[in-house]
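Fold and geometry: a report
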Amino acid sequence: MHDNGSGVHFLYVAEGPSSFMQRMALAQTLGTSNQFADKLASVAGALYGSGTPVGSSRSCAIRFAPYGTDPNVAANWSADTIVGAPHTDINYIGSLQGIPVVVKPEGIFVYSRALDQWENRMVAWESNPHPDNGRGSLSLGSQILIPLGMGGLVSFDGFTVRDVSPLHEPSAPNVDTTSQRFSCLGIMPDNRIVGVTSVSRGARGGPGDKSTHGLAGGLLHNSKLVDAQ
């Protein structure tokens, strides 16, 4: 959601790096822009989007349209800033207490206003990146739930990463439970978290890019409830 200056919040939908961004009104009428976006997120009133910078084949750059500006106008977007490695995709853009956060295969990047740069708060991932880290993440305001490509789930509060995988001690991983590679997360009305898991990709990431992964699952999906902490 984003207010383009008219006082009305429109829903902007990312259509990927090869299709134009869409704007949807309450009447469900669509307006097509001439802007591309692979991921979109509203953070503190600004609309953040990821895209592919010139000379790259990955959606590794971030830009934003300030509050009250029309994101369908190219001049209203900031310049592209490459976050982390230029050869990996931005898998998630979110808000942590009003601060923009980006999750990539090699880390969790938090924007520092003091330094005007994106700081990797999970440097350990740089030595063991996974192409699916952060896919399907969910912001709860004061923390972000982040699925790991290797399987499992962690919470991030801006500084610390904690394991919150819903795996009971008596159970056997991948036998009594699912493989728990989460595809997406959502908030239930009773304040619990629902997680949709997938077994479509191996622990090492497997072949292909994220689009290949998205099509590889077939019908191999199921869900699991996770208590919100």
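As the structure is a prediction and not an experimental result, all values here were calculated from the model. (Residues numbered from 1 in each chain as written. Predicted model: local features only at pLDDT ≥ 70, side-chain atom pairs only at ≥ 80, totals over all residues. Heavy atoms only, no water.)

1. Some points on the side chain of Asp89
Mapped onto the secondary structure, Asp89 falls in the loop between β8 (81–82) and β9 (92–96). Note on Asp89: relative accessible area 9%, which makes it buried. (Helix = DSSP H or I, 4+ residues; strand = E, 2+ residues; numbered from the N terminus. Buried < 20%, exposed > 50% of the residue type's maximum accessible area, 1.4 Å probe, protein only.)

2. Re the sheet that holds strand β11 (residues 107–112)
Reading across from one edge, β9-β10-β11-β12 is the order of the four strands in this open sheet, with antiparallel pairing throughout. Whereas interior strands pair on both sides, the edge strands pair on one side only; in this sheet they are β9 and β12 (117–120). With strand direction ignored, the average angle separating the axes of adjacent strands in the sheet is 30 degrees. Two strands pair when backbone bridges link them, and β9 and strand β10 (residues 99–104) are joined in this way by five bridges, in the antiparallel orientation. What sits directly across from Tyr92, in β10, is Val103. (Pairing = 2+ DSSP bridges. Axes fitted to C-alpha atoms, helices over the stretch in contact; angles between N-to-C directions.)

3. With respect to the nonpolar core
Tyr92, Leu96, Val101, Val103, Ile108, Val110, Met122, Trp125, Ile144, Ile146, Val154 and Phe156 form the largest nonpolar core, which has 12 residues in total. Secondary structure elements with two or more residues in this core: β9, β10, β11, β14 (144–147) and β15 (153–156). Listed in part, the 11 residues of the second largest apolar core include Ala46, Ile62, Phe109 and Trp118. (Core = buried A, V, L, I, M, F, W, Y, C linked by side-chain atoms within 4.5 Å.)

4. A word on the confidence of the model for the chain
Here the chain averages 78 in pLDDT, and 76% of its residues register 70 or above. Here residues 200–229 scores under 50 on pLDDT; set against residues more than four positions off or in separate chains, the count is 63 contacts. (pLDDT = per-residue confidence, 0-100. Contact = heavy atoms within 4.5 Å.)

5. Observations regarding the environment of Asn72
Mapped onto the fold, Asn72 is located in the loop between β7 (61–65) and β8. Distance in space between the C-alpha atoms of Asn72 and Asn34 is 6.6 Å, their sequence separation being 38 residues. Among all residues touching Asn72, those that are not within four sequence positions of it are Tyr12, Met21, Arg23, Ser33, Asn34 and Gln35.

6. With respect to the pattern of salt bridges
If you walk through the whole model with that rule in mind, you get six salt bridges. Taking the shortest distance from any N to any O, the salt bridge between Arg58 and Asp89 comes out at 3.0 Å. Highlighted residues: Arg58 in the loop between β6 (46–51) and β7 and Asp89 in the loop between β8 and β9, separated in sequence by 31 residues. A relative accessible area of 28% places Arg58 in the partly exposed class. The salt bridge involving Lys104 is made with Glu106; its shortest N-O contact spans 3.4 Å. Overall, the relative accessible area of 8% leaves Glu106 in the buried class. (Salt bridge = Lys/Arg side-chain N within 4 Å of Asp/Glu carboxyl O.)

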